[in-house]
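Commentary on secondary and tertiary structure
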Amino acid sequence: MIQTLVTFLLRAALVQSTLTDPLSWDDSCSPDDPALKIHSLSVPGDPIEISNDKPITVSFDSTVNTEIGSDVSVNLKIKKKEAFIWVEIPCVDKFGSCSYNLCDMVTKQNSTLCPILQKMGKQCSCPFKTGDYKLDNYPFKVDTSKIPGPIKSFGDGQFKIEATLTDGDGDSIFCVDIKASIKIDNKKGVFIDFDGSF
């Protein structure tokens, strides 16, 4: 679940950064008994460079504590630092600060997510069963050709991402705040389509 998990896969709080990893994260916004617990998350690079020509390397260690099923939504709020303020990136053609049904996302991205889940020894279907989900140095390719122009225009810089999973009642079952420094291939742009193919 990258990226998600990313995983999509992707706000601030940022308590676990290192000099060799400009991505920092904090899941203290999760409820006391979260459905998902992240133990580690790493995307090397300073800044993280993203283009069609070079995959990003993702490592993470997480535990699904309770089954995550078809009623779960992924809600993203993505902001970019512009001067002294954080500007929210709007939802444009299912890119940016959008909400998605988790199982629909798995179905639409099966060519990307199935190899990842299979590498972890997991089934490529909803619901996500309880257990450990771990990846080490997985090369994750981003197809930047499908990004809408308004999203590409945000360019590179400092980004904050709040990713929240909510159940069918709208209650939060998991939350993570991420901050990352991203360098974008200016010829091609970047962002991840969390609802279609990468």
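Numbers given for residues are sequential positions, taken from 1 along each chain in its written order. Owing to the predicted nature of the model, reporting of local features is limited to residues with pLDDT of at least 70; listing and counting of side-chain atom pairs is limited to 80 or more, with chain, interface and lining totals taken over all residues. Only hydrogens and water are set aside when side-chain values are computed; all heavy atoms of the structure are taken into account.

Secondary structure elements are taken from DSSP: a helix is a run of H or I of four residues or more, a strand is a run of E of two residues or more, and numbering for both begins at the N terminus. A count of helices and strands for the protein chain gives three helices and 10 strands. Starting at the N terminus, the α and β elements of the protein chain follow one another as β-β-β-β-β-β-β-α-α-β-α-β-β. Relative accessibility decides the category of a residue: with a 1.4 Å probe and only protein chains considered, values under 20% of the type maximum give buried, values over 50% give exposed, and everything between is partly exposed. A buried classification covers 50% of the 198 residues belonging to the protein chain. Areas reported here follow the Shrake-Rupley algorithm with a probe of radius 1.4 Å; residue values treat only the protein chains shown as occluding. Accessible surface for the protein chain amounts to roughly 9,200 Å². Of this, 48% is attributable to carbon and sulfur atoms.

Turning next to the state of the cysteines. Here, the word disulfide means a covalent bond between the sulfur atoms of two cysteines. Cysteine sulfur pairs qualify as disulfides if the two atoms are within 2.5 Å. This structure, assessed with the given rule, holds four disulfides. With its sulfur 2.2 Å from that of its partner, C29 forms a disulfide with C175. With the S-S bond torsion at -95 degrees, the cross-link from C29 to C175 turns out left-handed. Taken together, the residues span a long stretch of sequence, with C29 in the loop between β1 (24-26) and β2 (36-42) and C175 in strand β10 (residues 172-184) at a distance of 146 residues. Take C175: its relative accessible area is 3%, and that puts it in the buried class. The connectivity of the disulfide-linked cysteines in the protein chain, indexed sequentially, is 1-8, 2-3, 4-7, 5-6.

The next thing to look at is the environment of D177. Here D177 shows up in strand β10. When its relative accessible area of 4% is taken as the criterion, D177 is described as buried. Sequence separation of D177 and D27 is 150 residues, and the distance between their C-alpha atoms is 6.1 Å.

A few words on the pattern of salt bridges. By salt bridge we mean one thing: a side-chain nitrogen of Lys or Arg within 4 Å of a carboxyl oxygen of Asp or Glu. Summed over the entire model, instances satisfying the criterion amount to three salt bridges. Two residues, K80 and E82, come together in a salt bridge whose shortest N-O distance is 3.4 Å. Overall, the relative accessible area of 7% leaves K80 in the buried class.

Below, the discussion takes up the side chain of D27. Position of D27 relative to the elements: it lies in the loop between β1 and β2. Pairs of N or O atoms are called polar contacts if they sit within 3.5 Å, as long as, within protein, a hydrogen donor faces a hydrogen acceptor (for residues adjacent in sequence, only side-chain-to-side-chain pairs). Side chain to side chain, D27 and K37 meet in a polar contact 3.2 Å long.

Next up on the list: unusual backbone geometry. Looking along the chain, the bond that leaves C126 and enters P127 is cis, with omega of 0 degrees. Looking at where P127 falls in the secondary structure, it is placed in the loop between α2 (110-119) and β8 (131-140). Within the chain, K94 stands out as a residue other than glycine whose phi angle is a positive 70 degrees. Take K94: it is sitting in the loop between β6 (85-88) and β7 (99-101). The exposure class of K94 is partly exposed, given its relative accessible area of 46%. We note that N137 has phi near 55 degrees; this positive angle belongs to a residue other than glycine. Position of N137 relative to the elements: it lies in strand β8.

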